[in-house]
Amino acid sequence: MKQKNYYIIDFDSTFTQVEALDELVRISLKDNPDKEKIFKKIEEYTNLAMEGKLSFSESLAERVKLLGANKEHLKKLVTHLKKKVSKSFSRNAPFFKKHADDVLIVSGGFKEFITPVVKKFYIKKENIYANTFLFDNEGTIIGYDTANPLSQEGGKVKLMKELKLEGNLYGIGDGYSDFQLKESGHVKKFFAYTENISRNSVTSKADHITPSFDEFLYLNKLPGSISYPKNRIVAIVAGNVPEESIELLRQEGFTVVAEQDADEKTIQKAGILLVADGTVLESKRIKKATRLKTIGYCGNSQTALPVAFCTEKGIVIFDASKPSTKGVIAISQRIIDFINRGSVQHSINFPSLQLAAVTKTHRIIHIHKNVPGVMAHINTVLAEHAINIDAQYLMTNPTIGYVIIDINKEYDKQLLKELKAIEHTIQFRVLY
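Computed from a predicted model, the values in this text were never measured in an experiment.

Parameters and conventions
- Residues numbered from 1 in each chain as written.
- Predicted model: local features only at pLDDT ≥ 70, side-chain atom pairs only at ≥ 80, totals over all residues.
- Heavy atoms only, no water.
- Helix = DSSP H or I, 4+ residues; strand = E, 2+ residues; numbered from the N terminus.
- Buried < 20%, exposed > 50% of the residue type's maximum accessible area, 1.4 Å probe, protein only.
- Contact = heavy atoms within 4.5 Å.
- Lys, Arg positive; Asp, Glu negative; His and termini not counted.
- Charge placed at Lys NZ, Arg CZ, Asp CG, Glu CD.
- Core = buried A, V, L, I, M, F, W, Y, C linked by side-chain atoms within 4.5 Å.
- Disulfide = S-S within 2.5 Å.
- Pairing = 2+ DSSP bridges.
- Axes fitted to C-alpha atoms, helices over the stretch in contact; angles between N-to-C directions.
- Phe/Tyr/Trp six-rings, centres within 6.5 Å; stacked < 30°, edge-to-face > 60°.
- Lys NZ or Arg CZ within 6 Å of the ring centre and 35° of its normal.

Digging into the overall build of the protein
- Regarding its fold elements, the protein presents 19 helices and 17 strands.
- Counting only residues that meet the buried cut, the protein has 51% of its 432 residues in that class.
- Nonlocal contacts in the protein, meaning residues at least 24 apart in sequence, comprise 59% of its contacts between residues at least 6 apart.
- A distance of 4 Å separates the average location of the 60 positive side-chain charges in the protein from that of its 51 negative side-chain charges.

Listed below in structure tokens is the structure:
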């Protein structure tokens, strides 16, 4: 009999981008002249506990003492936290709906702000395990329930002992208390979650480092909103590219590597190349990046890049004929739109096509030589697999055909193999 899977997920700096108690103190001490001093102290207690250098119970007690918060502050905090859910969790809400019985939020935080934040993700109230505040008659926080195992050192381990869950347990979190679940043998695998913060004391002991929830789903062969985690797409930066442009790619979740720090294997894996104005790239240099999908050139690329070669290889080029910070940032955004949606508007070597993101469909990109019969072959393959086409977009230039296909049915791997194998195919990928 197949064992049930459980997903034990931390809240602070995992499900959300921030530490909620740190955010609460920003709200509660907004008008306090010593707010910066107090905030730094709370932040220090947080980090010491997350790194395993201070017991969690000591850290929690000290932080709550300094809060000075009440129920009105908590309302403001909840509104704030709803906007701070980690991006990769937000886009995978369907996973939580489908696995509502299997997902547990286990946190040293507090139910008063966790429950309303995770509610829209279909996480059951009875599957939320966290601390609870104590209030005085005026609604001011004066402490917390110290009988709750999660308020104590090793609280997550104690809780798991009490729950006695049977099956495969997977732990996802950013802190030392999350790793303790693995150390004590209560979870099968521990995934150090680094989308928001990376702690070496935690990542060094994890079974897997997980830069996004997409990566977790991908590793465990679970359905996600995108077919391939963005952190697995390497963006090589060549030359002195403005930091604002690089940061945009980094925030999107791509793994950004400076060319001088990239070994041959990293270059080979690169899907994106962002190049400074004045840098000249020859075709033999581009050939090394065998998975390259797009180049962003921070200037006029016509004399600096082998445009015809890139087109033949199905590599989309975006450039800025008038280099400026604004123009270079626009290039990064066009790269993101291409990777996310397949949009090639403003490309200098592909037929212009702007596409909106869609839901409840799978989107496939097929780039091929512009010769007769390819589209007929594509549609024949889809028909043989009884695939319904929601939408199909085809644009051509003298060299290539660029087709986007949205389908509304689950497909098998054989379909993908057959589409890749069509004669004259240059590049093929599934977006989501």
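Description of helix α10 (residues 176-183)
- For α10, a buried count of six out of eight residues is recorded, marking the element as mostly surrounded by other parts of the structure.
- Lining the buried residues of α10 we find β1 (5-9), α3 (35-50), α9 (155-163), β6 (168-173), β7 (189-193) and α11 (200-203).

What to know about the nonpolar core
- Judged by nonpolar contacts, the single largest core of 49 residues is most densely connected at F11, F15, F96, F113 and F213.
- The contact partners of F113, leaving out residues within four places of it in the chain, are F11, A20, L21, L74, L77, V78, L81 and F133.
- Counting residues in each nonpolar core, the second largest holds 31 residues, with V237, C298, F318 and V328 among its members.

Considerations on the state of the cysteines
- With the rule as written, the count across this model stands at zero disulfides.
- This cysteine, C298, is not joined by any disulfide, and C310 carries the nearest cysteine sulfur, 15 Å off.
- With a relative accessible area of 3%, C298 lands in the buried category.

What to know about the sheet that holds strand β10 (residues 255-258)
- The parallel open sheet is built from five strands, whose spatial order is β10-β9-β11-β12-β13. Strand pairing shows two members of the sheet lacking a second neighbour, β10 and β13 (316-319), which therefore form its edges. When strand polarity is set aside, the average angle formed by the axes of neighbouring strands in this sheet is 20°.
- Across five bridges, the pairing between strand β9 (residues 234-238) and strand β11 (residues 270-275) is parallel. Bridge pairing in β11 links A235 to I272.
- Contacts between helix α13 (residues 243-252) and the sheet are confined to β9, β10 and β11, with β11 contributing the most and set at about 160° to the helix.

With respect to the packing of aromatic side chains
- Summed over all chains, the structure comprises 27 aromatic pairs.
- Summarising the aromatic geometry, the rings of F113 and F133 are spaced 6.5 Å apart at their centres and angled 55° between planes, so their arrangement reads as tilted. Taken together, the positions of F113 in helix α8 (residues 111-118) and F133 in strand β4 (residues 133-135) put the pair 20 residues apart, joining distant regions of the chain. Residues F113 and F133 agree in their burial class; the two are buried.
- Looking at K71, its charged tip hangs above the ring of F135, at a distance of 4.9 Å from the centre.
- The ring of F338 is capped by R429, whose NZ or CZ atom sits 4.8 Å from the centre of that ring.

All quantities given are derived from atomic positions and should not be read as evidence of function.
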